[in-house]
Amino acid sequence: MENIEAKNNPYYSRTDTTKLDISNEEWKKILAPDLYMISREAATERPFTGKYNEFDEVGEYYCAVCGNHLFRSTSKFTSSCGWPSFFEADKEGVYYKRDFAYGMDRIEVLCKRCDSHLGHVFEDGPKPTGLRYCMNSISLEFVSDLPK
Ligand SMILES: [Zn+2]
């Protein structure tokens, strides 16, 4: 599963953790329009449409914008919300912001390396954390543990 967009993205790296400070103007030239809308303008993909919603392969999830490590498949769980859900994120991978958009009080989850919007986290997840990271599939890139 290759990320086609990443080929034209000079900032994408799974090993470089240097913080990025790229303007949305620049990202708009690099990212596919749907990824740009979600990651840079905090849009949300339609539920039950994402490629990782019903997906249970073993591997790692990276930021589709910059390649930063975000989740391990062992923290993914089956949720009925319509988006891929995880109970734990890579602490080095994400940070949080309070989000009052659309008249709701939610916690936004963002990529620590490139500041892209990933989704939201809610306190109705399973044990051991009780958290549900509700993510946009398009913001994630999955890399399987299995050899190609
Ligand atoms: Zn990122």
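So, how was this worked out
- Residues numbered from 1 in each chain as written.
- Predicted model: local features only at pLDDT ≥ 70, side-chain atom pairs only at ≥ 80, totals over all residues.
- Helix = DSSP H or I, 4+ residues; strand = E, 2+ residues; numbered from the N terminus.
- Rg over C-alpha atoms; globule rule 2.2 N^0.38 Å.
- Buried ≥ 20, exposed ≤ 12 C-beta atoms within 10 Å, placed from the backbone.
- Contact = placed C-beta atoms within 7 Å.
- Pairing = 2+ DSSP bridges.
- UniProt positions renumbered as here; feature names shortened; annotations may be inferred.
- Axes fitted to C-alpha atoms, helices over the stretch in contact; angles between N-to-C directions.
- Core = buried A, V, L, I, M, F, W, Y, C linked by C-beta atoms within 7 Å.

1. A look at the overall build of the chain
Working step 1: Scanning the chain from N- to C-terminus turns up 2 helices and 9 strands.
Working step 2: Its helices and strands in sequence order give the chain the pattern α-α-β-β-β-β-β-β-β-β-β, from N to C terminus.
Working step 3: In summary, the chain has a C-alpha radius of gyration of 14 Å against a globular reference of 15 Å for 148 residues, a match within 12%.
Working step 4: The C-alpha extent of the chain, read off along each of the three principal axes, is 45 × 40 × 30 Å.
Working step 5: The burial tally for the chain puts 37% of its 148 residues in the buried class.
Working step 6: At a minimum sequence separation of 6, the contacts of the chain that also span at least 24 residues come to 56%.

2. Notes on the sheet that holds strand E3 (residues 76-77)
Working step 1: Pairing in this open sheet of 6 strands is antiparallel, and the strands run E3-E4-E8-E7-E6-E5 from one edge to the other. Both outer strands of the open sheet, E3 and strand E5 (94-99), are each paired with one neighbouring strand and no more.
Working step 2: With 2 bridges joining them, strand E4 (residues 85-86) and strand E8 (residues 132-135) adopt antiparallel strand pairing. Its bridge partner lying in E8, Ser85 is registered against Cys134.

3. Side note on helix H2 (residues 33-41)
Residues three or four positions apart in an α-helix share a direction because the helix packs 3.6 residues into each turn.
Working step 1: Every buried residue of H2 is listed here: Leu35, Tyr36, Ile38, Ser39 and Arg40.
Working step 2: Those residues of H2 that are buried are in contact with helix H1 (24-30) and strand E7 (117-122).
Working step 3: Positive phi appears at Ala42, one or two residues downstream of H2, with a value of about 55 degrees.

4. Points about the UniProt feature "domain: MsrB" (unreviewed entry) in the chain
Working step 1: Within this structure's numbering, the places UniProt gives as "domain: MsrB" (unreviewed entry) are residues 24-145.
Working step 2: Taken end to end, residues 24-145 is 13% helix and 33% strand, and its first and last C-alpha atoms sit 33 Å apart.

5. Describing the pairing of strand E1 (residues 59-63)
Working step 1: Sheet topology places E1 next to strand E9 (residues 140-144); 5 bridges connect them, and they run antiparallel. Of the residues in E9, the one forming a bridge with Gly59 is Ser144.
Working step 2: Of the strand pairs in this sheet, E1 and strand E2 (residues 69-72) are connected by 3 bridges, and their pairing is antiparallel. In the sheet register, Tyr61 faces E2, and the bridge partner there is Phe71.
Working step 3: Here E1 folds back onto E2, and the loop between the two strands holds 5 residues, one of which, Gly67, carries a positive phi near 90 degrees.

6. Some words on the sheet that holds E1
Working step 1: Reading across the sheet, the 3 strands line up as E2-E1-E9 and stay open at both edges, with antiparallel pairing between neighbours. Each having just a single partner strand, E2 and E9 make up the two edges of the open sheet. This sheet shows a mean twist of 30 degrees between the axes of neighbouring strands, independent of strand direction.

7. A look at the nonpolar core
Across soluble globular proteins, nonpolar side chains show a tendency to be buried alongside one another.
Working step 1: Of all hydrophobic cores here, the largest spans 32 residues; its most connected members are Cys63, Val65, Leu70 and Cys111.
Working step 2: Among the elements of the structure, H2, E1, E2, strand E6 (106-111), E7, E8 and E9 are those that each provide at least two residues to this core.

8. Overview of the pairing of E6
Working step 1: One ladder, built from 6 bridges, connects E5 with E6; its direction is antiparallel. Among the inter-strand pairings, Val94 is bridged to a residue of E6, identified as Cys111.
Working step 2: The hairpin formed by E5 and E6 contains 6 residues between the paired strands, and Tyr102 there has a positive phi angle of roughly 60 degrees.
Working step 3: Bridging between E6 and E7 involves 4 bridges; their strand directions are antiparallel. Paired with Ile107 across the strands is Val121, a residue of E7.
Working step 4: Taking the residues that link successive antiparallel strands as the turn, the E6-E7 hairpin has 5 residues, and the phi of Asp115 there is positive, at about 65 degrees.

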